[in-house]
Amino acid sequence: MHDIRFIREDPAAFDAGLKKRNLVPLAAELLEIDKRRRAAISESEGAQAKRKALSRQIGMAKGKGEPAEALMAEVAALEENLKKGEALAAELDAELVRRLEVLPNLPFDEVPEGTDETGNVEIRRVGSQRNFSFTPKDHVALGEATGEMDFATAAKISGSRFVVLRKHLARMERAIAQLMLDLHTSEEGGYTEINPPLLVRDDAAYGVGQLPRFAEDMFHTDNGYWLIPTAELPLTNLVRESVLEEKDLPLRFTAFTPCFRSEAGAAGKDTRGMIRQHQFPKVELVSIATPEQSAAEHERMTGRAEEVLRNLGLPFRTIVLCGGDMGPAARKTFDIEVWLPGQNAYREISSCSNCGEFQARRMAARYRPKEGKGTRFVHTLNGSALAVGRTLIAILENYQNEDGSVTVPEALRPYMGGLAVIPGPAAHK
RNA sequence: GGACAGGUGGCCGAGUGGUUUAAGGCACACGCUUGGAAAGCGUGCGUGGUGUAACAGCCACCGCGGGUUCGAAUCCCGCCCUGUCCGCCA
């Protein structure tokens, strides 16, 4: 949600931000609505002030036992214009909100131009791709060969885009999440583990910008709850409608949760395997920071997500998204893409965004600065660290052996009872 | 799901139609006091909008949304949330 005062002060900067989002300029149009809105407010408030003064006089007159009929007639004469003025002011105010609440956040200056993912810019590449002495399989071939990744049974129970994991793979998914949470909640990680609700109300979904734009991407229960599409939603809303103290910032939260996405409009995209599911596990990071802290906090968060991949010995690259490829709430987004030899491609495994005060405005999340008066909106940041299902895929594909077995990365072994290798299909015969 | 009791500023809390123009306290800031601190005393201190060069001023906000009234924190209706008890339940 944008601040109309910012648009008033610097309409050119606002339109430049929209341009980077590949949107047409809107400042002039919005300011025209704002102008009419403010005029209506002034008029309406003037009438209200008059009524208030007269009503007070009526009260005083009655208190002294004097007649008040003349005063009451005077107020009655105001009534019609007063109602009309109030309605007009409310209507224009609502119109401005309707226009503003669907607009995406403005990208930072350093965000590259572009209309789609081809405009994204790689900023670093870490780890080396393994040289296979055989042709690497993808995760579907590997998982189905042992029966431990079972799409057919999942389809009988729940339909497409679900999976049943069994035995070693079920355990590995749990192990991956444990490793991630331990890294994030360590002294160096600095995050506080949270176990949040997975069903949320409209207000919470609105607060992070999921509503009103993305209603169809979420699952909705028949008694009015939304299933969270990401733990960003409840974690960010932990500070909604509150005033924090500057000394307590930044706040850092992490959670391991399932995420639910209806994936409306994604038909035909990534239909093979576990890449895109209706339900998937994810470890999420959220930071609540001051405006001065948020840029550095964004780098730090991205670094913590990368740290997981370093721990697991998975090659990856980090890119900065261009204006046309970012999510609406973000001012800047880093994506981390892991190398998948079975697909011969880098695939997204994390997305870390600095949302500035965009979500904070919608949630009324503020803090009291040490210096100066009043309150300011906090900055909110969120990032996956990491998508657990995709991490599982990456391990299978990168650590596979020729016989279909999979070596367990060193860092994961303590979480899997010391298991060093997940047996291949031969062991299941 | 049912019954009852509640929801007031960052926090606690008074307030059942008209000097409430939201008392009082805590916390916080500044000052006085002090060798230094605590205590004490004094002053300031809600949010949003509008307005202004900046102040001032003005409007709204007492869980949310409607309504009654010249006037609503206060009365009426609907909803949300919290607590307690009952029912059900992993």
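Residues numbered from 1 in each chain as written. Chains lettered and ligands numbered in written order. Predicted model: local features only at pLDDT ≥ 70, side-chain atom pairs only at ≥ 80, totals over all residues. Heavy atoms only, no water.

Asks: Can you walk me through the pairing of strand β8 (residues 251-260) in this structure?
Replies: In regular strands, side chains alternate between the two faces of the sheet. Counting buried residues in β8 gives 7 out of 10 residues, a clear majority hidden from the surface. Where strand β4 (residues 192-193) and β8 come together, 2 bridges link them in parallel fashion. Across the sheet, the residue bridging to Glu193 is Thr254, located in β8. Relative to strand β9 (residues 279-289), β8 is paired through 10 bridges, and the arrangement is antiparallel. Looking at the pairing, Pro258 lines up with Pro281 of β9. (Buried < 20%, exposed > 50% of the residue type's maximum accessible area, 1.4 Å probe, protein only. Helix = DSSP H or I, 4+ residues; strand = E, 2+ residues; numbered from the N terminus. Pairing = 2+ DSSP bridges.)

Asks: When you look at the pattern of salt bridges in this model, what are you seeing that I'm missing?
Replies: Charged atoms that come close allow side chains of opposite charge to pair. For the structure shown, the criterion picks out 24 salt bridges. In this structure, Arg98 and Glu91 form a salt bridge, with 3.5 Å as the shortest nitrogen-oxygen distance. Judged by its relative accessible area of 45%, Arg98 is partly exposed. Taking the shortest distance from any N to any O, the salt bridge between Arg317 and Glu337 comes out at 2.7 Å. Placement of the pair is Arg317 in strand β10 (residues 316-320) and Glu337 in strand β11 (residues 332-340), with a sequence separation of 20 residues. The exposure class of Glu337 is buried, given its relative accessible area of 12%. (Salt bridge = Lys/Arg side-chain N within 4 Å of Asp/Glu carboxyl O.)

Asks: Help me out: how do you make sense of the protein's contact with RNA strand B in this one?
Replies: Around RNA strand B sit 21 residues in total, of which Arg5, Arg38, Glu45, Lys52 and Ser55 are the nearest. Interatomic distance of 3.3 Å between a side-chain N/O atom of Gln48 and a sugar or linking oxygen of RNA strand B. One of the side-chain nitrogen or oxygen atoms of Arg366 is found 3.5 Å away from a sugar or linking oxygen of RNA strand B. Taken together, the elements giving at least two residues each to the surface near RNA strand B come down to α1 (4-9), α3 (27-63), α4 (69-101) and β13 (365-368). Among the elements that make up the surface near RNA strand B, the one with the highest residue count is α3 (12 residues). Residue composition of the surface near RNA strand B, by class: 4 nonpolar, 6 polar and 11 charged. (Near = heavy atom within 4 Å. Polar contact = N/O pair within 3.5 Å; in protein donor to acceptor, adjacent residues only side chain to side chain. Nonpolar A, V, L, I, M, F, W, Y, C, P; charged D, E, K, R; others polar.)

Asks: Got a minute to help me understand the domain arrangement of chain A in this structure?
Replies: How big an interface is tends to be expressed through the accessible area that disappears when the partners come together. The domain architecture assigned to chain A consists of domain 1 (4-101) and domain 2 (117-428). Each of domain 1 and domain 2 has a C-alpha centre, and these two points are 44 Å apart. With 4 residues of domain 1 in contact, the opposing surface of domain 2 contributes 9 residues. On the surface where domain 1 and domain 2 come into contact, there are 0 salt bridges. (Domains from an automatic or database assignment. Contact = heavy atoms within 4.5 Å.)

Asks: It is not clear to me how the packing of α3 against α4 should be interpreted in this structure. Could you clarify?
Replies: The axes of two packed helices give the description: the angle between them and the distance between them. Packing of α3 against α4 brings their axes to within 8 Å, and their N-to-C directions diverge by 150 degrees. Taken as axis vectors, α3 and α4 run roughly antiparallel relative to one another. Crossing geometry of α3 relative to α4 is assigned as left-handed. Among the residues forming the contact of α3 with α4, the class breakdown is 17 nonpolar, 4 polar and 12 charged. (Axes fitted to C-alpha atoms, helices over the stretch in contact; angles between N-to-C directions. Parallel < 35°, antiparallel > 145°, perpendicular 65-115°, else oblique. Left-handed = near helix turned anticlockwise from the far one by under 90°.)

Asks: Where do I start with α3 in this structure?
Replies: Owing to its 3.6 residues per turn, the α-helix brings residues three or four apart onto one side. Between its terminal C-alpha atoms α3 stretches 52 Å, which fits the 54 Å expected from 37 residues at 1.5 Å a residue. Close packing links the buried residues of α3 with α1, α2 (11-20) and α4. In the stretch just after α3, Gly65 is the one whose phi turns positive, near 75 degrees. (Expected span 1.5 Å × (residues − 1).)

Asks: How should the sheet that holds β9 be read in this particular structure?
Replies: Taking strand neighbours across the sheet as the criterion, the 8 strands line up as β1-β10-β11-β12-β15-β9-β8-β4 in an open arrangement whose pairing is mixed. In this open sheet, the two strands that pair with only one neighbour each are β1 (121-126) and β4. Note that β11 and strand β12 (residues 345-354) share 9 bridges and pair antiparallel. Note on β12: the bridge partner recorded for Glu337 is Glu348. Across the sheet, helix α10 (residues 294-312) lies against β1, β8, β9, β10, β11, β12 and β15 (379-387), angled at about 5 degrees from β15, the strand it touches most. Packed onto the sheet, helix α12 (residues 388-398) meets β8, β9, β11, β12 and β15 and runs at close to 35 degrees relative to β15.

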